[in-house]
Amino acid sequence: MANPAAAQAPASTSLVTGIGRGSYVHVFEPRLNDLSGTEEYSMAFLIPKTDSATVAGLKAAIEAAASVKWPDGKRPPNLRNPLRDGDTEKSDDPAYAGHYWINLKGRDAPGVVDAAVQPVLDSREFVSGDYCRVSVNAYAYDKKGNRGVAFGLRNIQVTA
């Protein structure tokens, strides 16, 4: 007999993506976030629209994070969605065509490894445009009237 509690377990807010591309890569040295005034590691991650498993996982993580922050259907309207459409929002940039993208950031340096899971220590070995997979965590925020879900950057595996 199936466990009814397991069937009702909330979706995870964390996941490892399929292979995508890094853009605006700042993962070896933190940069000052002008809005928050804090030093952060960051990058944009481009997901091919054909990668339905990653897109579904990201959507589930977004929903799970929002449900944790605003339980019992008390979610505010017009939450900012971190999963963006490159064809509509970055139509002037051919690198974003056929992709979704998410912005990733974190105060802690992400782990960066190569395809053989060996540490990448040289910043020239992972630059914007390189292919990678990332581990991320979705979290909801409600600060100064801005409400939504964002993704934190945990680890990166450079694949090509």
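Residues numbered from 1 in each chain as written. Predicted model: local features only at pLDDT ≥ 70, side-chain atom pairs only at ≥ 80, totals over all residues. Heavy atoms only, no water.

Caption draft 1: Inspection of the overall build of the protein chain at higher detail. The helix and strand tally for the protein chain stands at three helices and eight strands. Scanning the protein chain from its N terminus toward the C terminus, one meets helices and strands in the order α-β-β-β-α-β-α-β-β-β-β. Taken against the 2.2 N^0.38 rule, which gives 15 Å for 160 residues, the C-alpha radius of gyration of the protein chain at 16 Å falls within 12% of a compact globule. Taken over the C-alpha atoms alone, the protein chain extends approximately 50 × 45 × 30 Å along its principal axes. Classification of the 160 residues of the protein chain by burial places 35% in the buried group. Counting contacts in the protein chain only where the partners sit at least 6 residues apart, residues at least 24 apart contribute 67% of the total. Total accessible area computed for the protein chain in this model is approximately 9,500 Å², and 51% of it derives from carbon and sulfur atoms. One way to put it: in the protein chain the 18 positive side-chain charges average out to a point 7 Å from where the 18 negative ones average out. (Helix = DSSP H or I, 4+ residues; strand = E, 2+ residues; numbered from the N terminus. Rg over C-alpha atoms; globule rule 2.2 N^0.38 Å. Buried < 20%, exposed > 50% of the residue type's maximum accessible area, 1.4 Å probe, protein only. Contact = heavy atoms within 4.5 Å. Areas by Shrake-Rupley, 256 points an atom, 1.4 Å probe, with all protein chains shown as cover. Lys, Arg positive; Asp, Glu negative; His and termini not counted. Charge placed at Lys NZ, Arg CZ, Asp CG, Glu CD.)

Caption draft 2: The arrangement of helix α2 (residues 52–69) in detail. For α2, built from 18 residues, the straight-helix expectation of 26 Å at 1.5 Å per residue is met to within 8% by its first-to-last C-alpha distance of 26 Å. Within α2, the full set of buried residues consists of T54, V55, L58, A61, I62, A64, A65 and A66. Where α2 is buried, its residues meet β1 (14–16), β3 (39–48), β5 (99–106), β7 (131–143) and β8 (146–158). (Expected span 1.5 Å × (residues − 1).)

Caption draft 3: Geometry of the packing of aromatic side chains. Summed over the entire model, instances satisfying the criterion amount to one aromatic pair. Between Y96 and W101 the ring centres are 5.2 Å apart and the planes differ by 85°, which places this aromatic pair in the edge-to-face class. The exposure classification of Y96 matches that of W101, with both residues buried. For the cation-ring pair, K90 lies above W101, with the distance from its terminal atom to the ring centre recorded as 5.6 Å. (Phe/Tyr/Trp six-rings, centres within 6.5 Å; stacked < 30°, edge-to-face > 60°. Lys NZ or Arg CZ within 6 Å of the ring centre and 35° of its normal.)

Caption draft 4: Inspection of the nonpolar core at higher detail. M43, L104, V134, F151 and I156 are the most contacted members of the largest nonpolar core, which has 29 residues in total. Mapped by element, the contributors of at least two residues to this core are β2 (20–32), β3, α2, β5, β7 and β8. The element best represented in this core is α2, accounting for six residues. Other than its neighbours up to four places away in sequence, L104 contacts Y41, S42, M43, F45, V134, V136, F151, G152 and L153. (Core = buried A, V, L, I, M, F, W, Y, C linked by side-chain atoms within 4.5 Å.)

Caption draft 5: A look at the side chain of E40. You can see E40 is positioned in strand β3. Despite its burial, E40 remains without a salt bridge, the nearest opposite charge being carried by K105 at 4.1 Å. Side chain to side chain, E40 and N33 meet in a polar contact 2.8 Å long. Apart from residues no more than four positions distant in its own chain, E40 is found in contact with P30, R31, N33, K105 and G106. (Salt bridge = Lys/Arg side-chain N within 4 Å of Asp/Glu carboxyl O. Polar contact = N/O pair within 3.5 Å; in protein donor to acceptor, adjacent residues only side chain to side chain.)

Caption draft 6: Quick look at the environment of A61. As for its position among the elements, A61 is in helix α2. When its relative accessible area of 0% is taken as the criterion, A61 is described as buried. For the pair A61 and L83, spaced 22 residues apart in the sequence, the C-alpha separation amounts to 11 Å. Excluding its chain neighbours within four sequence positions, the residues that come into contact with A61 are S12, T13, L15, A138 and F151.

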